[in-house]
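Next come the chains, spelled out residue by residue.
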Amino acid sequence: MLTLLRLASFCFLTLGALCAMAGQSAPKRVVSLNLCADELVLALADKSSIQSVSWLVADPQMSFYADEAGGLHLNRGGAEEVLSLHPDLVVAGTYTTRATRTVLEDHGIPLLILELPESLVEVFEQIRTVADHLGRQERGAGLIAELRRQIEALRVPVQWRGLVYHPNGFTNGAGTLVDEMLAITGYENVASASGVQGFSQFSLERVVMNPPDVLVINQVAEDLPSMADQILAHRALKRSSLQIVEVPFKAWTCGSPALVEGLRILRSATGGQEEISR
Amino acid sequence: MRLEAQGITVAKDSHLILDDVNVCLGKGELVGVLGPNGAGKSTLLRVLAGLEMAGTGTVMLDGQSISTMGTAERARMMGYLPQKTPVSWPLSVERVVALGRLPHGDDPAGNEAVERALEMTKTANLRDRSVGTLSGGERMRVLVARLLAVEARVLLVDEPIAALDPYFQLEFMELFRSQAHAGCGVLIVMHDLTLASRFCDRVVLLSGGHVVGDGAPGTVLTESLVQDAYHVNVQTGVIDGERYVLPWDLR
Amino acid sequence: MKSRVLNTVLASSAIVLAAAGMTVGPVDLPVGEMVGQLFAGERSASTIVFLELRVPRGVLGLLVGASLGLAGAAMQGLLRNPLAEPGIVGISGSAAFGAVVVFYSGLAALFSLALPLGGIAGAFVGVMVLFILSGRQASTLTIVLAGIAVNAFAGAATALALNLSPNPYAAFEIIFWQLGSFADRSFEHVLFAGPLMAVGWFMLLWRPGDLDALSLGEETAASLGVSLPHLRFRIIAGASFAVGAAVAVSGVIGFVGLVVPHLLRPLVGFQPSRLLLSSALGGAVLVLAADIFVRVLPTATELKIGVVTAIVGAPFFLLLIYRLRQEEV
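A brief look at the structure comes next. (Residues numbered from 1 in each chain as written. Chains lettered and ligands numbered in written order. Predicted model: local features only at pLDDT ≥ 70, side-chain atom pairs only at ≥ 80, totals over all residues. Heavy atoms only, no water.)

## A few points about the overall build of chain B
So, step 1. Within chain B, the regular secondary structure consists of nine helices and 12 strands.
So, step 2. Taking the principal axes of the C-alpha coordinates as reference, chain B spans close to 50 × 40 × 35 Å.
So, step 3. Across chain B, every contact between residues at least 6 apart in sequence was considered, and the portion connecting residues at least 24 apart equals 65%.
So, step 4. Of the roughly 10900 Å² of accessible surface on chain B, 50% is carried by carbon and sulfur atoms.
So, step 5. Considering chain B, the positive charge centre built from 23 side chains and the negative charge centre built from 30 side chains are found 3 Å apart. (Helix = DSSP H or I, 4+ residues; strand = E, 2+ residues; numbered from the N terminus. Contact = heavy atoms within 4.5 Å. Areas by Shrake-Rupley, 256 points an atom, 1.4 Å probe, with all protein chains shown as cover. Lys, Arg positive; Asp, Glu negative; His and termini not counted. Charge placed at Lys NZ, Arg CZ, Asp CG, Glu CD.)

Here is the structure:
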């Protein structure tokens, strides 16, 4: 009789623990604090479990996921606001303010920090990590598989010279996600070939001397002037005959599935093929 | 050459600085403008020079109102030396004197005029010295040389000798007298009663914005007029035919 | 020293430095080949780099340097104070504010002259405020204090305008506006700012004798035929045009108008009129030299030229203040 009781309680406890674990591995009140985190959370989580996303993702100029964010509470990332939402998981980026992070740690709220991925491998890892934390491992795996398929469909052998030129003369050199994206879509990155590492300045003179076939410009916002954009309108670039293609900011700032759109645009500059429906 | 001011009235903050003042200056005349502090002497000089606008009244030079005269022409005809002349940069004496030629533009006779001015004030030997390094007397001579370099027909000078030692006081009065004899009209604001008495052809005595005396020094610098204007008693007398007027004690 | 000699030396130095500057840059240009191409009228990457990047940079350096030096000398002549300088008294800062407002509001994109005109308007307001604060012949202390006030306000207003701009890059660009740079300037900048700077030069160089007369005080100057209101307006407007247009295309480059006139003054016998042209040429020399320096310095990102002029000029400024305060005592 005693043994039966022990067995029963053991089963009960284990079951209870399993249930508890199951409950723990599926947060119900997810709060996301930055744009890139928002996109992954929106892509992976069940919408009913999302408590709040950042205000940036609701701007169609900032993100392809603006529609998905419809109806959700938009936060501004302040510590007070986050606490008042009673989250059971907070996803943020490395640049989220120290103050907010400290407050969350003090209150014992689970915090997942996402770094900016520098390669596709890191992008997939990040999707897996977020999926794990959200308890949506299957969904994560599915998303990764779909992304792989779409990326491979756009892959071509390297045959053109490309350069990404940001306002103020910055470019993405070797070891960056954008560099990899260029390689996938058939471009030799003029910057990495010239030895530029990471996100650095690349003088306009060098652009003119080693002109790419396609100059890729990061379009920040429509019709808003900045000193930085002036460089892109420089006569020196106009005189060199090169094709200019604009990739909107929202297509490749985060390592989210939206980067496929960025790849598509890069590919289209060299006569890319089928529309990949997002 | 005749400078005539009539009915000059200047008011500032409802306080009358000059009240219906008439003054004239003819060719070859050395006229002294005297009066206690605050009588309006400097203001009168500025109005005559065209630097300050009178509320009412006219200033005519050779029959033409100076307000209708062009600035450049007026600058050529009338030379003005203010009471305080700061020199902002350590310019050389020669450059300072040469500034007197500005109203004449780029004329070739300019250099000679500058040389003459330096000669007359005996400052030729100082020509390369920086103005900032000069003594008070030397500085005044340089500024007077600047005035003379303009070669104007009318010289309006505001208290040039007050801070100079007796040697220079006498020398300057001689200099102005010789300028008058050369054909200029010279009007000097001054305080020294004896020098005015000895050197001026005419004296205008201003008090409280009014002209209380205008004529030969002997008729204006009388004991009673001086007493009323300056509130001091004077001792007067004659030495070598020239009259001295010495302030003696307070009234 | 005779003006002619001094000015010839300065002008030659400016030309030499401008030419030298055109040979300096991140890319090594094949000079021989390129010269051949230039004469033959051929177009190549090298000629594009040279004609569209190096040459405008050199020309702009010359124009801006001349404007700053000339404006400094003229202002010092008018205010009769050797510390009057467009940067110190806040005119450059105000010009930057004017340019920033025009630029980030999108006006400059509508018509390009709007940018230098914005700088000019800003500079004009700055000078007016300075005059109101410090009066006609202000003491050193008053000028410095008035300048601090104008600079503080203009700087804050500029930062505010940049932060309010919806373009996220704007806030970072404050470094350009406050420290100045000739990087990536094009011929367009020369074309729309150059003529306006020239208008300023014309106004400042007209009737130089007036400033000489002013050294004897306002009354003497007036008696010598100088119209003081006209003179003041001319210098104010001229400095606004020259500095305003310069800052609009290069940001604030400080201390040029302080260092150059001060160094050259003894060489021109302290005469304000002679100092004008010499300071223009000297300003060009200083700015061109500094611009070569920032390009040969092995830094990852090109150093802002205002940093160089500040490193030279700030100690200079302190020394000047010290000396002037001694004299005023």
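## A closer look at the state of the cysteines
Residues and elements named next belong to chain A.
So, step 1. Scanning the entire structure with this criterion turns up one disulfide over all chains.
So, step 2. Through a disulfide, Cys36 is tied to Cys254; the S-S separation comes to 1.9 Å. Residues Cys36 and Cys254 share a disulfide whose torsion about the S-S bond is about -75°; that sign makes it left-handed. A residue pair is termed long-range when its members are at least 10 positions apart, and Cys36 in helix H2 (residues 35-44) and Cys254 in the loop between strand E11 (243-248) and helix H12 (259-268) qualify at 218 residues. (Disulfide = S-S within 2.5 Å.)

## A look at the pattern of salt bridges
So, step 1. Counted under the stated rule, the structure contains 25 salt bridges over all chains.
So, step 2. Linking A:Arg149 and A:Glu146 is a salt bridge whose minimum nitrogen-to-oxygen distance equals 3.1 Å. Of this pair, A:Arg149 and A:Glu146 both sit in helix H6 (residues 137-154), separated by three residues, roughly a single helical turn.
So, step 3. Look at A:Glu146 and you get partly exposed, because its relative accessible area is 33%.
So, step 4. Linked through salt bridges whose partners overlap, the residues forming this network are B:Arg101, B:Asp107, B:Arg116 and B:Glu151. (Salt bridge = Lys/Arg side-chain N within 4 Å of Asp/Glu carboxyl O. Buried < 20%, exposed > 50% of the residue type's maximum accessible area, 1.4 Å probe, protein only.)

## A short note on the pairing of strand E1 (residues 2-12) of chain B
For a regular strand, side chains alternate in direction, first toward one face of the sheet and then toward the other.
Residue and element names in this part refer to chain B.
So, step 1. Sheet topology note: the E1/strand E2 (residues 15-26) ladder contains eight bridges and is antiparallel. What sits directly across from Leu3, in E2, is Leu25.
So, step 2. Remark: two residues form the turn of the hairpin made by E1 and E2, two consecutive strands paired antiparallel; Asp13 in that turn has positive phi of roughly 50°. (Pairing = 2+ DSSP bridges.)

## Structural notes on the interface of chain C and chain B
So, step 1. The interface of chain C with chain B comprises 26 residues on the first partner and 23 residues on the second.
So, step 2. Summed over both partners, the interface of chain C with chain B comes to about 2000 Å²; 67% of that surface belongs to carbon and sulfur atoms.
So, step 3. Taken together, chain C and chain B are joined by three residue pairs in polar contact (both at pLDDT 80 or more).
So, step 4. Listed by contribution, the elements that provide at least two residues to the side of chain C that touches chain B are helix H3 (45-79), helix H10 (209-214), helix H11 (218-223) and helix H14 (272-296) of chain C.
So, step 5. Ranked by residues supplied to the side of chain C that touches chain B, first place goes to H11(C) with four residues.
So, step 6. A class-by-class count of the residues in the side of chain C that touches chain B yields nine nonpolar, 12 polar and five charged. (Buried area = accessible area lost by both parts, 1.4 Å probe. Polar contact = N/O pair within 3.5 Å; in protein donor to acceptor, adjacent residues only side chain to side chain. Nonpolar A, V, L, I, M, F, W, Y, C, P; charged D, E, K, R; others polar.)

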